[in-house]
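# Notes for the structure review
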Amino acid sequence: MSLRRLVLWRHGETDFNAAGRMQGHLDSALTEVGWNQARFAAPALARFEPDLVIASDLRRATDTATVLTDAIGVPLRIDKRLRETHLGVWQGLTGAEVDAKSPGERDRWAMDATWAPPGGESRTDVAQRAAEVVTDLLDDDDHYDTVLFAAHGGLIVALTAHLLGLPIGLWPSLGGISNCHWVKLRLRDETWRLHAYNTGMTG
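Nothing here was measured: the structure is a model prediction, and the numbers come from that model. (Residues numbered from 1 in each chain as written. Predicted model: local features only at pLDDT ≥ 70, side-chain atom pairs only at ≥ 80, totals over all residues. Heavy atoms only, no water.)

### Section: helix H6 (residues 123-139)
- Over its 17 residues, H6 runs 24 Å from end to end, which matches the ideal 24 Å to within 8%, given 1.5 Å per residue.
- Along H6, the residues classified as buried are Arg123, Thr124, Val126, Ala127, Arg129, Ala130, Ala131, Val133, Val134 and Leu137. (Helix = DSSP H or I, 4+ residues; strand = E, 2+ residues; numbered from the N terminus. Expected span 1.5 Å × (residues − 1). Buried < 20%, exposed > 50% of the residue type's maximum accessible area, 1.4 Å probe, protein only.)

### What about unusual backbone geometry?
- For glutamate 49, which is not a glycine, the phi torsion comes out positive at approximately 50°.
- Structurally, glutamate 49 is set in the loop between helix H2 (32-46) and strand E2 (52-55).
- We classify glutamate 49 as exposed; its relative accessible area is 62%.
- Positive phi is not limited to glycine here, since asparagine 198 has a value of about 55°.
- Inspection of the secondary structure puts asparagine 198 in strand E6 (residues 191-199).

### Here we look at the pattern of salt bridges
- What the rule picks out here adds up to nine salt bridges.
- With a closest N to O distance of 2.8 Å, arginine 81 and aspartate 79 form a salt bridge.
- On the accessibility criterion, arginine 81 (23% relative accessible area) is partly exposed.
- For aspartate 79, a relative accessible area of 12% corresponds to the buried category.
- Counted as one network, the salt bridges with shared partners bring together Asp79, Arg81, Glu132 and Asp136. (Salt bridge = Lys/Arg side-chain N within 4 Å of Asp/Glu carboxyl O.)

### Observations regarding the packing of aromatic side chains
- Tallied over the entire structure, the rule returns three aromatic pairs.
- Centre to centre, the rings of phenylalanine 48 and tryptophan 182 are 6.5 Å apart; their planes meet at 85°, and the pair counts as edge-to-face. Here tryptophan 182 lies in strand E5 (residues 182-188) and phenylalanine 48 lies in the loop between H2 and E2, a separation of 134 residues in the sequence. Of the two residues examined, phenylalanine 48 and tryptophan 182, each falls in the buried class.
- Between tryptophan 90 and tryptophan 115 the ring centres are 6.0 Å apart and the planes differ by 45°, which places this aromatic pair in the tilted class. One end of the pair, tryptophan 90, is in the loop between strand E3 (76-78) and helix H4 (95-101); the other, tryptophan 115, is in the loop between helix H5 (105-111) and H6, and 25 residues separate them in sequence. (Phe/Tyr/Trp six-rings, centres within 6.5 Å; stacked < 30°, edge-to-face > 60°.)

### Let's talk about the pairing of E5
- Counting buried residues along E5, five of its seven residues qualify, which places the element largely inside the surrounding structure.
- Bridge count for strand E1 (residues 5-10) against E5 is five bridges, and the pairing is antiparallel. Paired with arginine 5 across the two strands is arginine 186, which belongs to E5.
- Both E5 and E6 contribute to a ladder of six bridges, which runs antiparallel. By the bridge assignment for E6, tryptophan 182 is matched with threonine 199.
- The hairpin turn running from E5 into E6, its antiparallel successor, is two residues long, and aspartate 189 in that turn takes a positive phi close to 55°. (Pairing = 2+ DSSP bridges.)

Here it is, written out as C-alpha cells:
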C-alpha cells in the first residue's frame, strides 16, 4: 500500500448546470465557461504532482480531466464507478419541476443519505461504488503516491463522508462542491484525514 493522498476534483460547468437542470447519468457537455474553469484550475492541481488521474466515463468529467493530463503528461484511466449519482426520474428536470411533481422529496433526499430518488441511487450507494476504486488503488502493486479523481459533486461529497467514517446522519452537514473545485484527503495510519474541502481557483 503506497497511496497517501487523494484529490477529488469536480468537473467544470456544463450546459445542464447553466440551465439549472439535474444531470445524474445524463451525458451533458462542458460550456466554454467550464472549459476555462478547468484550464484555470490545472496549474494549481499540477502542484499536487498526481501519479495517475482517474475520471468518470461521463464526458463532462473526462473532458475536464484531459485538460490536466494533457498539460502535465500523467496517465488517465476511465472508471464508470466514478459516475455521478443516478437521479432516476429526476434526471433532466429542474429543481422547481421536481418540487412541483413531488413536493418535499428533494428536501428528504438532501437530509437522508440512505434515500434515493425514484429509480435512482442513494448517496450511500454512490459512496460504496466509488470506495471500490479507492480499495483497488490500495491493493494495486503499482506505486501511486497521489491520485486525482475527476468526478462529480454528489459523488465527491459522498465518498469524502464515507472515507472519513462520518456517521450517515452527519453526511448532510457537508456542503456541496463547486464546479472545478476539489477536496484533498491524506491517508495516515490507515485513516483518511481531510486537508482541504471545496477549494478552487475560480472564485
